[in-house]
Structures are given as structure tokens and as C-alpha cells.
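# An overview of the molecular structure
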Amino acid sequence: MPTEPEQNDASVTVVLADDHVIVRDGIRMVLESEPDIQVVAEAGTAEDAARYVLGHKPSILVLDLNMPGESSLDLIPSILETSPGTRITSPSTSVIQSR
């Protein structure tokens, strides 16, 4: 479920977008251990991520590229258009099975 934490005076604001709550929780804990970083919203879908970026204009969007629903890659151009100051990073993993 998407969440919007309370605002503070952090100099770096972040929207987390990943369909796995445990991943969002882990990234948020690491980021918020720094006093000048605040996670302003969390999204479980690309659509929610786009909406939160539009509303919050964060410094950074941490975007999972493999979420259900609309493609995260397809949303990147519109996110950059609506919030040109937002930088996007996409930590990603792949599992390759050997034969």
C-alpha cells in the first residue's frame, strides 16, 4: 500500500517505488539514517510513483524497473518532464539460472 510519511526540512527528498514492501523498508531505513535525507512517499506501482513525483517533486526517485502494471521504463520520460529536477536511480537485480 502506498504511503506518504510526514515532511521535515530535509535537503534531499526521496520517493521510493518498489512492489516489495521489505525492499522499500530496507532502503528507507538506510536513507533515513542520514539526517539530511527524507523519504517523502513510497509506492508499490509505477503509476503511484509517477503521481507522488508529480505531487512532491523529490530530489531522487528510487525506481524498481520490474513492478506489476504499467512499465516503469515507459513512465520515465513523463516523470522527467513533470519534475525535471528529480534524478532517477534504479537498483536492480537479475537472477540468471544455469542450465
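The structure reproduced in this document is the subject of the present report. As the structure is a prediction and not an experimental result, all values here were calculated from the model.

## A short note on helix α2 (residues 46-56)
Regarding α2, the residues found buried are Ala-46, Asp-48, Ala-49, Ala-50, Tyr-52 and Val-53. The inward-facing, buried residues of α2 abut β1 (12-17), β2 (37-43), β3 (60-63) and α3 (72-82). Just beyond α2, the residue with positive phi is Lys-57, at close to 50°.

## Focus: the nonpolar core
Ranked by size, the top nonpolar core spans 16 residues in total, and within it Val-15, Ala-17, Ala-49, Leu-61, Leu-63 and Ile-79 carry the most contacts. The element contributing the most residues to this core is α2, with 5 residues. Not counting residues within four places of it along the chain, the set of residues in contact with Ile-79 comprises Ala-50, Val-53, Leu-61 and Ile-88. Counting 6 residues, the second largest nonpolar core, distinct from the first, contains Val-14, Leu-16, Leu-31 and Val-62.

## Details of unusual backbone geometry
Backbone geometry places Lys-57, a non-glycine residue, at a positive phi of 50°. By secondary structure assignment, the location of Lys-57 is in the loop between α2 and β3. Judged by its relative accessible area of 42%, Lys-57 falls in the partly exposed class.

## A look at the environment of Thr-82
Locating Thr-82 in the fold gives a position in helix α3. For Thr-82, a relative accessible area of 35% puts it in the partly exposed group. Leaving out residues up to four positions away in the same chain, Thr-82 has contacts with Leu-54 and Lys-57. Polar contacts involving the side chain of Thr-82 include one to the main-chain carbonyl oxygen of Ile-79, which spans 3.3 Å.

Quick notes on the rules
- Residues numbered from 1 in each chain as written.
- Predicted model: local features only at pLDDT ≥ 70, side-chain atom pairs only at ≥ 80, totals over all residues.
- Heavy atoms only, no water.
- Buried < 20%, exposed > 50% of the residue type's maximum accessible area, 1.4 Å probe, protein only.
- Helix = DSSP H or I, 4+ residues; strand = E, 2+ residues; numbered from the N terminus.
- Contact = heavy atoms within 4.5 Å.
- Core = buried A, V, L, I, M, F, W, Y, C linked by side-chain atoms within 4.5 Å.
- Polar contact = N/O pair within 3.5 Å; in protein donor to acceptor, adjacent residues only side chain to side chain.

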